[in-house]
Amino acid sequence: MIRTVEAPPHMSAPVLAAYSYCEAITGQQARNFAYGIRLLPTPKRRAMSALYAFSRRVDDIGDGTLAPDVKAARLEDTRALLARVRDRSVDEDDTDPVAVALSHTADHFPVPLDGLDELIDGVLMDVRGETYETWDDLKVYCRCVAGAIGRLSLGVFGTEPGARGVERAPEYADTLGLALQLTNILRDVREDAEDGRTYLPADDLAKFGCSAGFDGVHPPAGSDFAGLVHFEVRRARALFAEGYRLLPMLDRRSGACVAAMAGIYRRLLDRIEREPEAVLRGRVSLPGREKAYVAVRGLSGLDARHVSRRTIRRRA
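Rules and cut-offs
- Residues numbered from 1 in each chain as written.
- Predicted model: local features only at pLDDT ≥ 70, side-chain atom pairs only at ≥ 80, totals over all residues.
- Heavy atoms only, no water.
- pLDDT = per-residue confidence, 0-100.
- Helix = DSSP H or I, 4+ residues; strand = E, 2+ residues; numbered from the N terminus.
- Contact = heavy atoms within 4.5 Å.
- Axes fitted to C-alpha atoms, helices over the stretch in contact; angles between N-to-C directions.
- Parallel < 35°, antiparallel > 145°, perpendicular 65-115°, else oblique.
- Left-handed = near helix turned anticlockwise from the far one by under 90°.
- Nonpolar A, V, L, I, M, F, W, Y, C, P; charged D, E, K, R; others polar.
- Salt bridge = Lys/Arg side-chain N within 4 Å of Asp/Glu carboxyl O.
- Buried < 20%, exposed > 50% of the residue type's maximum accessible area, 1.4 Å probe, protein only.

J.: Help me out: how do you make sense of the confidence of the model for the chain in this one?
T.: A low pLDDT score tells you not to read the predicted coordinates there in detail. The pLDDT averaged across the chain works out to 90; a share of 91% of its residues lies at or above 70. Ranking the helices and strands of the chain by mean pLDDT puts helix α10 (residues 202-207) first, with 98, and helix α15 (residues 302-315) last, with 48. Note that pLDDT drops below 50 for residues 1-8; the model gives that stretch 31 contacts with residues more than four away or on any other chain. When the criterion is pLDDT under 50, residues 311-316 qualifies, and its contacts beyond four places in sequence or with other chains add up to three contacts.

Laid out in C-alpha cells, this is it:
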C-alpha cells in the first residue's frame with residue numbers, strides 16, 4: 001500500500017516561494033495537466049507542481065534547438081541535480097527553486113525519484129533520434145517518459161486503506177501513462193515529423209502503407225492512414241481501460257485528478273478517431289469549457305464508480 005504523508009501546514013518562506021514558482025510554471029505550460037491537479041488539496045497540488053516543473057525542464061532540454069551533444073550534457077547536469085535531491089543535499093535557500101520544491105516533496109511524499117532518472121533516459125532517446133520497430137520497443141520509451149510520471153504521481157496520491165488489488169496500483173499508474181503518451185504521439189504525428197522524429201512503430205507504419213512518413217497535410221499516397229490511426233486508437237483504448245482500474249484505489253480528490261487528466265486525453269482520442277487526417281493539419285485540442293466539464297465529471301466520481309462496478313461484474 002502506498003500512503004502519503006501530508007506536508008505540514010506551515011513551511012519556510014523559501015520553500016513556499018519555490019512551490020509558487022513551480023505552480024506558476026505548471027499553470028502557464030501544462031495545457032491539460034493543470035486541469036487535474038487543481039482538484040487536489042494544497043499539499044498534493046504543490047507536490048505535483050514540483051514534479052511537473054522538474055519534468056518540464058527535462059522535456060525543454062530535449063525539445064530545444066541545442067546541438068545533441070550539448071543537450072546530452074545538460075541532461076546529465078539535470079541528473080546530477082536529481083542526485084542532490086535524492087541525497088537530501090539541497091538547502092532551503094538554494095538558488096534553484098525547482099530543486100528546493102522537489103526536495104521538500106521528496107521529504108514528505110514517498111515519490112520514487114528513480115522515475116525522474118527514467119524520464120531523463122527517455123529524453124536521451126529523443127536526443128539520439130531513436131526509432132522503434134515494434135510496439136514492444138516503443139513501450140520502453142513510453143514507460144520512461146510517461147509511465148514513470150504515473151508512478152511518481154502515485155507516490156503523491158497514495159492509495160486508500162483496504163482497497164482491493166492495491167499491490168497492482170503502480171502497474172495501473174504506469175499503464176495510464178502509456179495510454180496518455182500514445183495519445184500524444186497520435187496527436188503530434190505531423191509536428192514530430194517536422195522535427196525529424198518518428199515514434200509510431202515501423203512495423204505498424206509498414207502494415208498500413210505509411211512508411212514514407214508524414215511531411216504534409218495529406219497521408220502518403222496509397223496508404224491506409226485512417227486504418228493506422230484506428231489501429232493505434234484501439235491500442236490506446238485498451239491501455240486506458242486497464243489503467244482506469246487505478247481509480248477505485250485512490251481517495252476522492254486524487255481520483256478526480258487522475259480522471260480529469262485521463263478524461264481529457266480520452267476525448268482527444270475520440271476526436272482523432274472521428275477525423276484521423278485532422279492530426280496532419282494541426283494539433284487537435286479541446287476547448288477550455290470541455291476540459292472544465294471533464295474535470296467536474298472527475299470530481300463527481302462517476303468514472304471511479306463506473307470502473308468499480310465493471311470490476312465487480314468481472315469478478316462475479
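So, next bit.
J.: Help me understand the packing of helix α8 (residues 169-187) against helix α11 (residues 225-243) in this model?
T.: Between two packed helices, what matters for the description is the angle formed by their axes and the separation of those axes. With their axes 8 Å apart at the nearest point, α8 and α11 run at an angle of 155° to one another. Taken as axis vectors, α8 and α11 run roughly antiparallel relative to one another. Relative to α11, the crossing made by α8 is left-handed. Contacts from E171, Y172, T175, L176, L178, A179, L180, L182, T183 and L186 of α8 reach α11 at E232, V233, R235, A236, L239, F240, E242 and G243. Looking at side-chain class alone, the contact of α8 with α11 contains 11 nonpolar, three polar and four charged residues.

J.: Looking at this structure, how should I read the pattern of salt bridges?
T.: Any two side chains of opposite charge can pair, given that their charged atoms come close. Evaluation of the coordinates by the stated rule reveals 31 salt bridges. Residues D188 and R187 are paired through a salt bridge, measuring 2.9 Å at the closest nitrogen-oxygen approach. Per residue, the accessibility class of D188 equals that of R187, and both read buried. Across the pair D188 and R283 runs a salt bridge, and its minimum N-O distance is 3.3 Å. Taken as a pair, D188 in the loop between α8 and α9 (189-194) and R283 in the loop between α13 (278-281) and α14 (288-300) lie far apart in primary sequence, 95 residues in all. Note on R283: relative accessible area 34%, which makes it partly exposed. Linked through salt bridges whose partners overlap, the residues forming this network are E76, R79, R86, D114, D117 and D121.

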